[in-house]
Amino acid sequence: MTSDLLRIYMQDHYAGSAAGAELAKRAASNNADSELGTVLDRIAAEVEEDRDSLRRIMDEYGASPDPVKNMAAWGIEKAGRFKPNGRLLSYSPLSRVVELEGLVIGITGKLGLWRSLAETLGPHYAGEDLAELAERAEAQRQTLEPYRLAAAREAFAATVQGS
């Protein structure tokens, strides 16, 4: 039973990482030619690397990704693109806020994953340094937070001033 729970936990995070990777790439593309775009390009690459690390851990543990969960996560990320953003067909300041918040939420979940796996499997598993992966997730979160707050200020400044 316990091994089933850990397998399911890793499968869920692996599926979530697919959505996170897509979101990171989309956010980087939407903010290309800016400092934020450069930061998001790096984070998108790191998210892919982290996903590969999780896959190696899963392989060592004897767990494989769940194709149904992966497809559902992919579909949810794609459907999220159709969320109203205050503009009919274009990117808006609200789009940036929502993308950055989604990334911060996903990275926070990934941080929890690495810490939980370190607690459960030990600090090193399948050639992965789980503490180092957790530190990278924390660094990603801290890197994005000022951009998230700036995006919120930009998106909502007129609303607050107009109150």
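Residues numbered from 1 in each chain as written. Predicted model: local features only at pLDDT ≥ 70, side-chain atom pairs only at ≥ 80, totals over all residues. Heavy atoms only, no water.

A. Fine view of the overall build of the chain. Tallying secondary structure elements over the chain gives 5 helices and 2 strands in all. The secondary structure elements of the chain, listed N-terminal to C-terminal, are α-α-α-α-β-β-α. Across the 163 residues in the chain, those meeting the buried criterion constitute 40%. Within the chain, counting contacts between residues at least 6 apart in sequence, those at least 24 apart form 80% of the total. Summed over its atoms, the accessible surface of the chain is roughly 9000 Å², and 58% of this surface lies on carbon and sulfur atoms. (Helix = DSSP H or I, 4+ residues; strand = E, 2+ residues; numbered from the N terminus. Buried < 20%, exposed > 50% of the residue type's maximum accessible area, 1.4 Å probe, protein only. Contact = heavy atoms within 4.5 Å. Areas by Shrake-Rupley, 256 points an atom, 1.4 Å probe, with all protein chains shown as cover.)

B. Up close: the environment of Ala28. Within the secondary structure, Ala28 sits in helix H1 (residues 2-30). Residues Ala28 and Val39 lie 11 residues apart in sequence; the distance between their C-alpha atoms is 7.8 Å. Discounting chain neighbours no more than four positions away, the residues touching Ala28 are Gly37, Leu40 and Asp41.

C. Highlighting the packing of aromatic side chains. Using the criterion set out here, one finds 0 aromatic pairs in the structure. Stacked on the ring of Tyr14, the Lys or Arg Arg51 has its end atom at 4.2 Å from the ring centre. (Phe/Tyr/Trp six-rings, centres within 6.5 Å; stacked < 30°, edge-to-face > 60°. Lys NZ or Arg CZ within 6 Å of the ring centre and 35° of its normal.)

D. Up close: the nonpolar core. Grouped together as the largest cluster of nonpolar side chains are 37 residues, with contacts concentrated most on Met10, Leu40, Leu54, Trp114, Leu117 and Leu144. Those elements that provide at least two residues to this core are H1, helix H2 (35-61), helix H4 (93-121) and helix H5 (130-161). Aside from chain neighbours lying at most four places away, what touches Trp114 is Asp50, Ser53, Leu54, Ile57, Leu130, Leu133, Ala134 and Ala137. (Core = buried A, V, L, I, M, F, W, Y, C linked by side-chain atoms within 4.5 Å.)

E. Expanded view of the side chain of Glu138. Mapped onto the elements, Glu138 comes out in helix H5. Not counting the four nearest positions on each side in its chain, Glu138 is found in contact with Leu111 and Arg115.

F. Up close: the pattern of salt bridges. Tallied over the full model, the rule gives 15 salt bridges. Salt-bridge contacts for Lys25 lead to Glu48; the nearest nitrogen and oxygen are separated by 3.3 Å. Residue Lys25 is located in helix H1, and its partner Glu48 is located in helix H2; the two are separated by 23 residues in the primary sequence. On the basis of relative accessible area, Glu48 is assigned to the partly exposed category, the value being 28%. (Salt bridge = Lys/Arg side-chain N within 4 Å of Asp/Glu carboxyl O.)

G. Here's a closer look at H4. For H4, built from 29 residues, the straight-helix expectation of 42 Å at 1.5 Å per residue is met to within 8% by its first-to-last C-alpha distance of 42 Å. Phi turns positive one or two residues past the end of H4, at Gly122, with a value near 105°. (Expected span 1.5 Å × (residues − 1).)

H. Spotlight on the side chain of Arg148. The topology assignment puts Arg148 in helix H5. A polar atom in the side chain of Arg148 sits 3.2 Å from the side chain of Glu101. Excluding residues that lie within four positions of it along the chain, Arg148 makes contacts with Leu100, Glu101 and Val104. (Polar contact = N/O pair within 3.5 Å; in protein donor to acceptor, adjacent residues only side chain to side chain.)

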